[in-house]
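Structure assessment
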Amino acid sequence: EIFVPGQKFAAKKVLRFGIVLLGTQLALKQVVDLGGRELIVVVGVVALTFLGTLWLGPRLGVSKSLSLLIATGFSICGASAVAAMEGVVEADEEEVTYAIALVTLCGSLAIVLLPLLRNVLGLSDPQLFGSWVGASVHDVAQVIATSSTGGDLAVQSATVVKLSRVVLLAPLVACVSIWVHRSSSGLVAKTKKTDKKHVSVVPLFVVGFLVMIAVRTTGVIPDNWLTRLKTIEQVCLASALVGLGSDVRIAKLIKVGGRPLLLALISWFGIAAVSLIGVRLVA
């Protein structure tokens, strides 16, 4: 019990600080260099995956809050996106952990499966393969691991596309936050009243994330600092995930059932198919 305050601090404060630091890894020039057609594909993939998963979840018997977490994690950037959205909807700890587990599972499977499908799908061009990986795989680390099988050009292409998806985290979280506050959709799960008052319409960590993107874009952050900030960000997010997971009971997690797994697999297949169509259209 003596560790509980620290675990909760990591799951809330440290998490949001890590997401703010994630913004230092993004520069608007990287997004602009993609080009208009590629940006449309990125936005389209994120929108279709997010809205489709959010729509399908309740129809499979998955709660609205868990459907939202899965939709966010699969459409944007994996575990960090799930944790960021949790700060807005205040979902149960078991739901957060389940969503993180699902996005990690599918992302890990992608590292193995996508390289095997590369030649089958006619993606021998490293840049084309990298774009597909960046548009369909969830975590940044998983994107790099998967695309590395295609060489440096594939990794570069995948990273830029992936980071362009990460940029959409801030407006997505902000929009959902406003929606939750203005509607009675039931997305805010059972939570203490003392927790609700800390959720602002546009969370401060989202503002901080955008500010860090702007700072990185100016070029004032030296390259050696970026490496150190990346390390701090990874430590913060890892600590936050430990904090989130430490309060979960396996028995409660099992009660969530297999329907969220089915939703995750459908969402994973959907984003892979939609992104494949998208990168072929702009090739």
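Residues numbered from 1 in each chain as written. Predicted model: local features only at pLDDT ≥ 70, side-chain atom pairs only at ≥ 80, totals over all residues. Heavy atoms only, no water.

1. Concerning a nonpolar patch on the surface
Applied cut-off: Exposure above 30% relative accessible area and the lack of any salt bridge qualify a residue for a patch; like charges then connect within 9 Å, and the nonpolar side chains Val, Leu, Ile, Met, Phe, Trp and Tyr within 5 Å. Methods summary: accessible areas were calculated by the Shrake-Rupley approach with a probe of 1.4 Å, and residue burial reflects only the protein chains presented. Take a side-chain nitrogen of Lys or Arg and a carboxyl oxygen of Asp or Glu: if they are within 4 Å of each other, that pair is a salt bridge. For helices the rule is a DSSP run of H or I covering at least 4 residues; for strands it is a run of E covering at least 2, with both sets numbered from the N terminus onward. The rule is simple: take the accessible area with a 1.4 Å probe, protein chains only, and divide by the maximum for that residue type; under 20% is buried, over 50% is exposed, in between is partly exposed.
A grouping of Leu-105, Leu-109, Ile-111, Val-112, Leu-113, Leu-116, Leu-117, Val-120, Leu-261 and Leu-265 is seen on the molecular surface, where their side chains present a nonpolar patch of about 820 Å² in accessible area. Looking at the nonpolar patch, the elements that each hand over two or more residues are helix 6 (93-117) and helix 15 (259-282). At seven residues, helix 6 tops the list of elements feeding residues into the nonpolar patch. Tracing the backbone shows Leu-109 in helix 6. A residue is classified by how much of its surface remains accessible, and Leu-109, at 35% relative accessible area, is partly exposed.

2. Re the packing of helix 3 (residues 36-59) against helix 15
A pair of packed helices can be characterised by two numbers: the angle between their axes and the separation between those axes. To keep things clear, this is the line we draw: Each axis is a line fitted through C-alpha atoms, taken for helices only over the stretch in contact, and angles between the N-to-C directions span 0 to 180 degrees. Angular relationships are summarised with four words: roughly parallel below 35 degrees, roughly antiparallel beyond 145, roughly perpendicular across 65 to 115, and oblique for the angles in between. The crossing is said to be left-handed when, going from far helix to near helix, the turn is anticlockwise and less than a right angle, and right-handed when the turn is clockwise. Here, two residues are considered to be in contact whenever any of their heavy atoms come within 4.5 Å of each other. Residues are grouped as follows: Ala, Val, Leu, Ile, Met, Phe, Trp, Tyr, Cys and Pro are nonpolar; Asp, Glu, Lys and Arg are charged; all remaining types, including Gly, are polar.
Interhelical geometry of helix 3 versus helix 15 gives an angle of 160° and a closest axis separation of 9 Å. Comparing the axis directions of helix 3 and helix 15 gives the class roughly antiparallel. As for how helix 3 packs across helix 15, the hand of that crossing is right-handed. Residues Arg-37, Glu-38, Val-41, Val-45, Leu-48, Thr-49, Thr-53, Leu-56 and Gly-57 of helix 3 lie in contact with helix 15, whose contacting residues are Leu-263, Ile-266, Ser-267, Ile-271, Val-274, Ser-275, Gly-278, Val-279, Leu-281 and Val-282. Grouping the amino acids of the contact of helix 3 with helix 15 by side-chain chemistry returns 11 nonpolar, six polar and two charged.

3. Some details on the confidence of the model for the protein chain
Any residue range with low pLDDT should be treated as having predicted coordinates unsuitable for detailed reading. So the rule is basically this: pLDDT measures the predictor's confidence residue by residue and takes values from 0 up to 100.
Here the protein chain averages 82 in pLDDT, while 89% of its residues score no lower than 70. Predicted confidence is poor over residues 189-200, with pLDDT under 50, and the contacts of this stretch with residues over four places away or in other chains come to 17 contacts.

4. Observations concerning helix 13 (residues 223-246)
We apply this condition: Take the number of residues in a helix, subtract one, and multiply by 1.5 Å to get its expected span.
End to end, helix 13 covers 35 Å across 24 residues, agreeing with the expected 34 Å (1.5 Å per residue, within 8%). Of the positions making up helix 13, those classed as buried are Leu-226, Leu-229, Glu-233, Cys-236, Leu-237, Ala-240, Gly-243 and Leu-244.

5. So, the pattern of salt bridges
Per the counting criterion, the structure on display carries one salt bridge. Taking the shortest distance from any N to any O, the salt bridge between Glu-233 and Lys-230 comes out at 3.4 Å. Of the two residues, Glu-233 and Lys-230 both sit in helix 13, three residues apart, roughly one turn of that helix. Using a relative accessible area of 3% as the deciding quantity, one classes Glu-233 as buried. The exposure class assigned to Lys-230 is partly exposed, which follows from its relative accessible area of 23%.

6. Structural notes on the environment of Trp-132
Here Trp-132 shows up in helix 7 (residues 126-136). Along the primary structure Trp-132 and Ser-275 are separated by 143 residues, whereas in three dimensions their C-alpha atoms are 6.0 Å apart.

7. Things to note about the packing of helix 7 against helix 8 (residues 140-147)
Direction vectors running N to C along helix 7 and helix 8 enclose 155°, while the axes themselves pass 9 Å from each other. On the basis of the axis angle, helix 7 is roughly antiparallel to helix 8. Seen along the crossing, helix 7 lies across helix 8 with a hand that is right-handed. Residues Phe-129, Val-133 and Gly-134 of helix 7 pack against Val-143, Thr-146 and Ser-147 of helix 8. Along the lines of polarity and charge, the residues of the contact of helix 7 with helix 8 split into three nonpolar, three polar and no charged.

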